[in-house]
Amino acid sequence: MTSNLETQLLALQQEGEKAIAAADTLERLEELRVNYLGKKGQLGALLRSMGQMSAEERPKIGAIANTVKESLQTSLDKQRAALEASQIQAQLEAETLDVTMPGIFCPQGRIHPLNGIIDRALDIFVGMGYTVAQGPEMETDYYNFEALNTPPDHPARDMQDTFYLPDGNLLRTHTSSVQIRYMEKEEPPIRVLAPGRVYRRDNVDATHSAVFHQIELLAIDEGLTFTDLKGTVKMFLQAMFGDLPIRFRASYFPFTEPSAEVDLQWNGRWLEVMGCGMVDPNVLKSVGYDPEIYTGFAAGFGVERFAMVLHQIDDIRRLYASDLRFLRQF
Ligand code: DAH
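A brief structural summary. (Residues numbered from 1 in each chain as written. Predicted model: local features only at pLDDT ≥ 70, side-chain atom pairs only at ≥ 80, totals over all residues. Heavy atoms only, no water.)

1. A short note on the overall build of the chain
As a reminder of what qualifies: To qualify as a helix, a DSSP run of H or I must reach at least 4 residues; to qualify as a strand, a run of E must reach at least 2; elements of each kind are numbered from the N terminus. We compute the radius of gyration from the C-alpha atoms alone; for a globule the expected value is 2.2 Å times N to the 0.38, where N is the number of residues. With a 1.4 Å probe rolled over the protein chains alone, any residue whose accessible area is under 20% of its type maximum counts as buried; one over 50% counts as exposed, and the rest are partly exposed. A contact between two residues is defined here by any heavy atoms of the two lying within 4.5 Å. Areas reported here follow the Shrake-Rupley algorithm with a probe of radius 1.4 Å; residue values treat only the protein chains shown as occluding. A positive count includes Lys and Arg, and a negative count includes Asp and Glu. His and the chain ends are not counted in either. Note on charges: their place is set at NZ of Lys, CZ of Arg, CG of Asp or CD of Glu.
Regarding its fold elements, the chain presents 11 helices and 9 strands. Expected size for 330 residues packed as a compact globule is a radius of gyration near 20 Å; at 43 Å, the chain overshoots this value by more than 25%. Its C-alpha atoms give the chain principal-axis dimensions of about 125 × 45 × 40 Å. When the 330 residues of the chain are sorted by exposure, 42% land in the buried category. By sequence separation, contacts in the chain at least 24 residues apart represent 66% of the contacts at least 6 residues apart. Counting every atom, the chain has about 18,800 Å² of accessible surface; 52% of that belongs to carbon and sulfur. Counting 32 positive and 46 negative side-chain charges, the chain places the averaged centre of each group 7 Å from the other.

Next up, the structure:
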């Protein structure tokens, strides 16, 4: 009986130590601990049979059982420490940084020439105290024409034929519509700039596009005069093109009176670069401003035109072709 139990205990120790030494994960090690030393483990099961032993046998077997238990516990601790260390080692190896590895190539993006012009223009005017506003590209007839002193039968509408939507709305022909929307929301003094996309029913060729970009300028205050308009336009064009001769040529727009077109001398030729004028009193009235108190000036110019002049681009269509060979030049 005695020797039988003793043999069983020693066999258990041997088997257990072998299994523990072979355990390759912490989970497996925990399974073994429960299996051998846990409450319902194998060692406990053997010891429960000690109850039938004689008084002299019991201490002897008890002592052997204790050694077996301690020995298994030591093996478990040793194996746990080894597994933890190798886990850390593996993590360290997996996370090493190889500073000699070649980098990942990241192509450098560029600003599209049209955005480049818009950014520069906004910077210049923001420097003069202007804020930037936006309006919808799908407009009502009221904001695009009527409130800008251009009633339905007005001949100026011919030059700005656009795309009409089934519900009677239209795609805006100019950013001037933002003038009205802005003035309706704000009170003078106003210094605002409105960049955006505009639409015309034009046939596409080297200088025309059915979609293009404009930047609109509006200043409303007490006592603004044509001199303020001239000074502002001159400062802007100089910042944009350099110190070149400019001239104001009398023109006509329904929403300004007097109106002018601005020409810039570029490579020995007069180039028309923008329209402008003093805001027509009818426009001020349409937003509820008193034209006896307030005056103002407005201007509008095409972004494509500026880009084509500044970058010597010969065909407007290049600006929309998304041809990287072209775009990489900017
Ligand atoms: N809206 C005009 C156009 O599209 C440009 C323009 C001219 C805007 C005179 C203005 C202005 O604000 O005062 O041709």
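2. Quick word on the sheet that holds strand E8 (residues 269-279)
Spelled out, the test is: For two strands to be treated as a pair, DSSP must find no fewer than two bridges joining them. All axes here are fitted lines through C-alpha atoms, helices being fitted over the stretch that makes contact, and every angle between N-to-C directions spans 0 to 180 degrees.
Within the open sheet, the 7 strands sit side by side as E1-E4-E5-E9-E8-E7-E6. Their pairing is mixed. Bordering the open sheet on either side are strand E1 (131-132) and strand E6 (246-253), each of which pairs with just one other strand. Sheet topology note: the E1/strand E4 (residues 190-199) ladder contains 2 bridges and is parallel. Opposite Val132, over in E4, you have Leu193 as the bridge partner. Against the sheet, helix H7 (residues 176-185) makes contact with E1, E4, strand E5 (211-221) and strand E9 (295-302), and its axis sits at roughly 40° relative to E5, the strand it touches most. Along the sheet, helix H10 (residues 303-311) contacts E5, strand E7 (256-266), E8 and E9; its crossing angle with E9, the most-contacted strand, is approximately 55°.

3. Thoughts on the site of the ligand
Heads up, the rule is: Throughout, near means a residue has at least one heavy atom within 4 Å of the molecule or strand. The definition of a polar contact used here is a pair of N or O atoms within 3.5 Å, where within protein one atom must be able to donate a hydrogen and the other to accept one, and adjacent residues in sequence count solely through side-chain atom pairs.
Close to the ligand lie 16 residues; His174, Ser176, Arg200, Gln214 and Glu216 are nearest. Side-chain polar atom of Arg200 to an oxygen atom of the ligand: 2.9 Å apart, as the coordinates give it. Within the complex, 91% of the 350 Å² of free accessible area of the ligand lies under protein. Secondary structure elements with two or more residues in the shell around the ligand: H7, E5, E8 and E9.

4. Quick look at the side chain of Ser177
In this structure, Ser177 sits in helix H7. Classification of Ser177 by relative accessible area gives buried; the value is 0%. Setting aside its immediate chain neighbours within four residues, Ser177 contacts Glu139, Tyr143, Asn144, Leu148 and Arg172.

5. Some thoughts on the packing of helix H5 (residues 113-127) against H10
Where we set the bar: Working rule for angles: under 35 degrees goes down as roughly parallel, over 145 as roughly antiparallel, 65 to 115 as roughly perpendicular, anything else as oblique. Each residue is assigned to one of three groups, with Ala, Val, Leu, Ile, Met, Phe, Trp, Tyr, Cys and Pro labelled nonpolar, Asp, Glu, Lys and Arg labelled charged, and all others, Gly among them, labelled polar.
Closest axis-to-axis distance for the H5/H10 pair is 9 Å, and the angle between their directions is 105°. Here H5 is positioned roughly perpendicular relative to H10, judged by the angle of their axes. Two secondary-structure elements touch here, H5 through Pro113, Leu114, Ile117, Ile118 and Arg120 and H10 through Val303, Glu304, Phe306, Ala307, Leu310 and His311. Within the contact of H5 with H10, the residues separate by chemical class into 8 nonpolar, 1 polar and 2 charged.

6. Notes on the packing of aromatic side chains
Put simply, the rule is: Planes of paired rings set the category: under 30 degrees apart is stacked, over 60 is edge-to-face and the rest tilted, where pairs are Phe, Tyr or Trp rings (Trp by its six-membered ring) whose centres lie within 6.5 Å. Both a distance and an angle decide whether a charge sits over a ring: NZ of Lys or CZ of Arg must be within 6 Å of the ring centre and within 35 degrees of the ring normal.
Overall, the coordinates contain 12 aromatic pairs when judged by the stated rule. Between the aromatic rings of Phe241 and Trp266, the centroid separation amounts to 5.7 Å while the plane-to-plane angle is 75°, which identifies the pairing as edge-to-face. Linking Phe241 in helix H8 (residues 226-241) with Trp266 in strand E7, this pair joins segments that are 25 residues apart in sequence. The residues Phe241 and Trp266 share a single accessibility class, namely buried. An aromatic cluster is built from Phe125, Tyr130, Phe236, Phe241, Trp266, Phe301 and Phe306, whose rings are joined through pairwise contacts. One cation-aromatic arrangement involves Arg181 over Tyr143; the distance from NZ or CZ to the ring centre is 3.9 Å.

7. Thoughts on the environment of Arg200
Mapped onto the secondary structure, Arg200 falls in the loop between E4 and E5. A C-alpha to C-alpha distance of 31 Å links Arg200 and Pro188, two positions 12 residues apart in sequence. Among the polar contacts listed, one links the side chain of Arg200 to the backbone oxygen of Thr173, at a separation of 2.9 Å.

Just distances and angles here, no functional claims.
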